[in-house]
Amino acid sequence: MSVRDEAGADTGELAKALAVGSPDALAEIYRLWSSLVHTIALRSLGDPADAEDVTQQVFVSAWNGRRTFRPEHGSIQAWLVGITRHRIADLRTQRYRNHRNLQAVALESAATPPVTDDAEWAQRLLIVHELEQMGDPRAAVIKMAFLEDRSHDDIAQALGLPLGTVKSHIRRGLLQLRERLKEVDHVSP
């Protein structure tokens, strides 16, 4: 059954066109419902940049999952709202994990007396070396975030990168450093 939305679009035809991979259908769906998705994200998260990231993620997810949409089970609008809620939950989970990890690092740093032995200097030199090997923009993002204590938004503006890209560089860079430090710890006597 085909239904027309308030703008007069045939949602059944849009759903069929999306399912077969029509970029025009995705563009029309975006035109019709991106403001709804963005509004839900903004009200839930309170941050315009995060709301923009979630909006983008919702429509990428809609495109990637287009074959799973079943018009007989609900409207495109309801499907997009469901995807939006999942992306918001994912972002909140990520925020919680980042906050928890930062607190753990802060507690560990406060509890550990400063060490100035050769092992610490070697580890610092290794980190500097790994950052140099990492290359830009990832190394620059890591340095700005942790050595200069700059916010993600500030880094994104300074480097002219999207906020999501800055967050990805930080996450992947830290994972890369952690793996490299683990490798060195296993080799050390």
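Residues numbered from 1 in each chain as written. Predicted model: local features only at pLDDT ≥ 70, side-chain atom pairs only at ≥ 80, totals over all residues. Heavy atoms only, no water.

1. Quick notes on the overall build of the chain
And then number 1: Scanning the chain for helices and strands turns up eight helices and zero strands.
And then number 2: Within the span of the chain, comprising 189 residues, buried residues form 31% of the whole.
And then number 3: If you take every contact in the chain between residues at least 6 apart in sequence, the share linking residues at least 24 apart comes to 57%.
And then number 4: When the accessible area of the chain is evaluated, it comes to approximately 12400 Å², of which 54% is carbon and sulfur surface. (Helix = DSSP H or I, 4+ residues; strand = E, 2+ residues; numbered from the N terminus. Buried < 20%, exposed > 50% of the residue type's maximum accessible area, 1.4 Å probe, protein only. Contact = heavy atoms within 4.5 Å. Areas by Shrake-Rupley, 256 points an atom, 1.4 Å probe, with all protein chains shown as cover.)

2. Here we look at the pattern of salt bridges
And then number 1: Within this structure, the stated rule accounts for six salt bridges.
And then number 2: A salt bridge links Lys-16 to Glu-13; the shortest N-O distance between them is 3.8 Å. Residue Lys-16 and its partner Glu-13 are both found in helix α1 (residues 11-19); the two are separated by three residues, about one turn of the helix.
And then number 3: For the salt bridge of Arg-87 with Asp-90, the shortest nitrogen-to-oxygen distance reads 2.7 Å. Of this pair, Arg-87 and Asp-90 are both found in helix α4 (residues 76-111), three residues apart, which corresponds to roughly one turn of the helix. (Salt bridge = Lys/Arg side-chain N within 4 Å of Asp/Glu carboxyl O.)

3. A word on helix α3 (residues 48-64)
And then number 1: Relative to the 24 Å expected for 17 residues at 1.5 Å per residue, α3 spans 24 Å between its end C-alpha atoms, a close match to the ideal helical length.
And then number 2: Along α3, the residues that are buried comprise Asp-50, Ala-51, Asp-53, Val-54, Thr-55, Val-58, Phe-59, Ser-61 and Ala-62.
And then number 3: Taking the backbone nitrogen of Ala-49 as reference, a side-chain oxygen 3.0 Å away marks Asp-47 as the first, capping residue of α3. (Expected span 1.5 Å × (residues − 1). Polar contact = N/O pair within 3.5 Å; in protein donor to acceptor, adjacent residues only side chain to side chain.)

4. Examining the confidence of the model for the chain
And then number 1: The pLDDT averaged across the chain works out to 81; a share of 84% of its residues lies at or above 70.
And then number 2: At the level of individual helices and strands, the chain shows its lowest average pLDDT in helix α5 (residues 118-134), which scores 71, and its highest in helix α2 (residues 23-45), which scores 94.
And then number 3: Contacts from residues 1-8, a stretch scored under 50 in pLDDT, to residues over four places away or in other chains number 14 contacts. (pLDDT = per-residue confidence, 0-100.)

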